[in-house]
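What the coordinates show
Single-letter residue listing:
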Amino acid sequence: MKPTREAGGVLRFVLGDQLNRRVSSLLDLDPERDVVLLVEVRDEATYVRHHKQKIAFLFAAMRHFGAELEAEGVAVDYVRLTDLGNTGSFTGELERAVARHAPTSVVVTEPGEWRVWEMMQDWREALPVPVEIRSDNRFLCPRMDFARWAEGRHHLRMETFYRGMRRRTGLLMDGGEPVGGRWNFDPDNRKRLPKGHRLPDRIGFQPDAITREAIALVEREFASHFGDLATFSWPVTRADALAALKHFIEQCLSTFGDYQDAMKAGAPYLYHALLSPPLNAGLLTAEEVCWAAERAYRDGTAPLNCVEGFIRQILGWREYVRGVYWARMPEYRETNALDAGRDLPWFYWSGETKLNCIANVVADTRRHAYAHHIQRLMVTGNFALIAGLDPAQVEEWYLIVFADAYEWVELPNVHGMVLWADGGVMGSKPYAASGAYIDRMSDYCARCAYDVKVKAGPDACPFNYLYWNFLIENADTLSGNPRMAMPYRTLRGMSDQRRAEIREDASRFLGALESERVHQGDHTANAT
């Protein structure tokens, strides 16, 4: 039976990635009159076929959040995926809830994704009561503030934005100057993991009865989706998320910066925080995460390069990509500056490739719904860039496979940072690299069927010749970029024979990928 309140209260619709008691839609909640609506809808699980762990994580977190509100005495109208009459959509369930409760108004917090924002505009016309859409107070930079900063700028550089956010918040500031006299300690944070280095044990959370029920539901209802559920151990409550934050601060932050760009086979986490799923779902806020990291520096338990590197990812990069998304949508996703159009290889789903780095990252992603930012940028992303893969297909893959992926954060990261499809709005140059980078920052190459030291022929690492082929294919667009001057100078110094060799190797490799795709069938991102 659905909860009832006296007519005249407010219906407060909380989306599945807004699970925070102080989210703007709940700030003035009146437990005596108002009803909170939470809904599990099939449309949101299938508009792309999300990783099983992402769906299970959100459903479990929503169910726990609803139970916590009820424990406060709040009336919660919780619609489960399999409830009789579930319409499968946000709009349908909101219309049904308005009919049930006859509220004076509906209050929501602005969504993270453009498509849901468009839905909300329709609600204002379709519903018989007023709909109030409030700013998302879980972020430190409101959308309109970023839009004002971005107005009139073609290039939106994160470093400039980040320094402004440091001044705005006071994080890692001594008066008007940055702590340590530097804004950015990134050059200190590029160390390869030493051989024999012992990594910390990572905290995991054993699924309770509510979470096990959500996992079983996903296994039953979304069996064909990508990913495994056996390793599920995400924090699905506020208390667990705070415990995960505490664990990172105490056990990992002091070495995070040094090895944040490192990669190691069989070690998908290293010192990374693993906080992005609870953070993006609302179980944590950016503000509390950043201040917890700063306290560790002020207390002397974590060095400045590690703390600054971590805070830059949250206060700088995370806030920045959200701002870019809302300032440039919906046209942003349609750009394709490098005219890339090759189909996504099947091995992005299967992991069946002789490229050991990609095989490792895809296998870990299938098991954990997670890969850290260098794996995403410089392995699967770098390959997609230098192979000229179609941005829309690559972006859909990233949106599907990670538990922390929402379009507001995924699209700018992939479209702008990974693929340079925005033509330099976010990045001054493409993040293209040969196999030497992966060899320097990981142990993947030591166990690869290809030889990273070989530059040409069937035994050569494909990253090597694909990198130079990428420069050749995109010379008209990129050769005039000042930050690409050195590689293009090297390319111009190559003999015609060497350039022809690069083109031949790349053509052979990319042609084999196309043949494999046709052999596998016309697989799309809907495949497992």
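Scroll up for the structure.
Read on for a plain summary of the structure. (Residues numbered from 1 in each chain as written. Predicted model: local features only at pLDDT ≥ 70, side-chain atom pairs only at ≥ 80, totals over all residues. Heavy atoms only, no water.)

With that settled, consider the overall build of the chain. Helix and strand counts for the chain stand at 22 helices and seven strands. Whereas a compact globule of 528 residues would reach a radius of gyration of roughly 24 Å, the chain reaches 24 Å, a difference of no more than 12%. For the chain, the spread of C-alpha atoms along the three principal axes comes to 80 × 60 × 50 Å. With 528 residues in all, the chain has 60% of them scored as buried. Here the contacts in the chain between residues at least 6 apart in sequence split such that 78% fall between residues at least 24 apart. Charge separation in the chain, taken as the distance between the mean sites of 63 positive and 72 negative side-chain charges, equals 5 Å. (Helix = DSSP H or I, 4+ residues; strand = E, 2+ residues; numbered from the N terminus. Rg over C-alpha atoms; globule rule 2.2 N^0.38 Å. Buried < 20%, exposed > 50% of the residue type's maximum accessible area, 1.4 Å probe, protein only. Contact = heavy atoms within 4.5 Å. Lys, Arg positive; Asp, Glu negative; His and termini not counted. Charge placed at Lys NZ, Arg CZ, Asp CG, Glu CD.)

In spatial order, the strands read E3-E2-E1-E4-E5; together these five strands make up an open sheet with parallel pairing. Edge strands, defined here as strands with exactly one partner in the open sheet, are strand E3 (75–79) and strand E5 (131–134). Averaged over neighbouring strand pairs, the angle between their axes works out to 25 degrees when direction is ignored. Across the face of the sheet, helix H2 (residues 52–71) comes into contact with strand E2 (35–39) and E3 while running at roughly 155 degrees to E3. Across the sheet, helix H4 (residues 114–126) lies against strand E1 (10–13), strand E4 (105–109) and E5, angled at about 150 degrees from E5, the strand it touches most. (Pairing = 2+ DSSP bridges. Axes fitted to C-alpha atoms, helices over the stretch in contact; angles between N-to-C directions.)

For the rest of this paragraph, the subject is empty space enclosed by the protein. For the structure on display, the rule yields four cavities of 30 Å³ or more. The computed volume of the largest cavity comes to approximately 330 Å³. In terms of lining, the largest cavity is formed by 22 residues, of which the most central are Gly-16, Glu-44, Leu-58, Phe-90 and Tyr-406. Elements with a contribution of two residues or more to the lining of the largest cavity: helix H1 (42–46), H2 and H4. In terms of residue count, H2 provides more of the lining of the largest cavity than any other element does, five residues in total. Grouping the constituent residues of the lining of the largest cavity by class yields 13 nonpolar, three polar and six charged. (1 Å grid on protein atoms, 1.4 Å probe; cavity = no way out; pocket = protein on both sides within 12 Å on 5 of 7 lines; lining within 4 Å. Points joined across faces, edges and corners; volume = space filled by probe spheres on them. Nonpolar A, V, L, I, M, F, W, Y, C, P; charged D, E, K, R; others polar.)

Attention shifts here to the side chain of Gln-375. With respect to the element layout, Gln-375 can be found in helix H15 (residues 373–386). Residue Gln-375 is classed as buried on the basis of its relative accessible area of 1%. Looking at Gln-375, its side chain comes within polar contact range of the main-chain nitrogen of His-372, at 2.8 Å. Contacts of Gln-375, omitting those with residues within four sequence positions, involve Met-263, Pro-268, Val-361, Thr-380, Gly-381 and Tyr-444. (Polar contact = N/O pair within 3.5 Å; in protein donor to acceptor, adjacent residues only side chain to side chain.)

Right, let's talk about the environment of Arg-134 for a bit. Counting through the fold element by element, Arg-134 comes out in strand E5. It is 42 Å that separates the C-alpha atoms of Arg-134 and Thr-477, two residues lying 343 residues apart in sequence. When residues no more than four places from it in sequence are discounted, the contact partners of Arg-134 are Arg-12, Ser-24, Ser-25, Asp-28, Val-107, Val-108, Thr-109 and Glu-110. Looking at Arg-134, its side chain comes within polar contact range of the side chain of Glu-132, at 2.9 Å.

Moving on to the environment of Gly-341. Among the structural elements, Gly-341 can be located in the loop between helix H12 (304–328) and helix H13 (347–350). With 49 residues separating them in the primary sequence, Gly-341 and Asp-390 have C-alpha atoms 4.0 Å apart. Residues within four places of Gly-341 in sequence aside, it is in contact with Gly-388, Leu-389 and Asp-390.

Here H2 is 20 residues long and its end C-alpha atoms lie 29 Å apart, about the 28 Å a rise of 1.5 Å per residue gives. Extensive coverage of H2 is indicated by the burial of 16 of its 20 residues. Looking one or two residues beyond H2, the residue adopting positive phi is Gly-73, at roughly 95 degrees. (Expected span 1.5 Å × (residues − 1).)

Take Leu-283: it is sitting in the loop between helix H10 (276–281) and helix H11 (286–298). By relative accessible area, which is 2% here, Leu-283 ends up buried. Apart from residues lying up to four places away in sequence, Leu-283 is in contact with Leu-19, Phe-57, Ala-61, Pro-235, Val-236, Thr-237, Arg-238, Ala-241, Pro-278 and Glu-288.

The subject of this paragraph is the nonpolar core. For soluble globular proteins, the rule of thumb is that nonpolar side chains tend to be buried together. By size, the foremost hydrophobic cluster in this structure holds 191 residues, and its most contacted members are Leu-253, Phe-310, Tyr-320 and Phe-383. For this core, the element with the highest residue contribution is H12, accounting for 12 residues. With sequence-adjacent residues up to four places away left out, Phe-310 is seen in contact with Phe-248, Leu-253, Phe-256, Ala-273, Leu-275, Val-289 and Ala-293. (Core = buried A, V, L, I, M, F, W, Y, C linked by side-chain atoms within 4.5 Å.)

In terms of burial, E4 is largely enclosed, as five of its five residues are buried. What you see with E4 is no split at all: Ser-105, Val-107 and Thr-109 on one side and Val-106 and Val-108 on the other are buried throughout. Here E4 pairs with E5 via four bridges, running parallel. The residue of E5 that forms the bridge with Val-106 is Val-131. Traced from E4 through H4 to E5, the parallel crossover comes out right-handed. (Right-handed = clockwise from strand over helix to strand, strands pointing away.)

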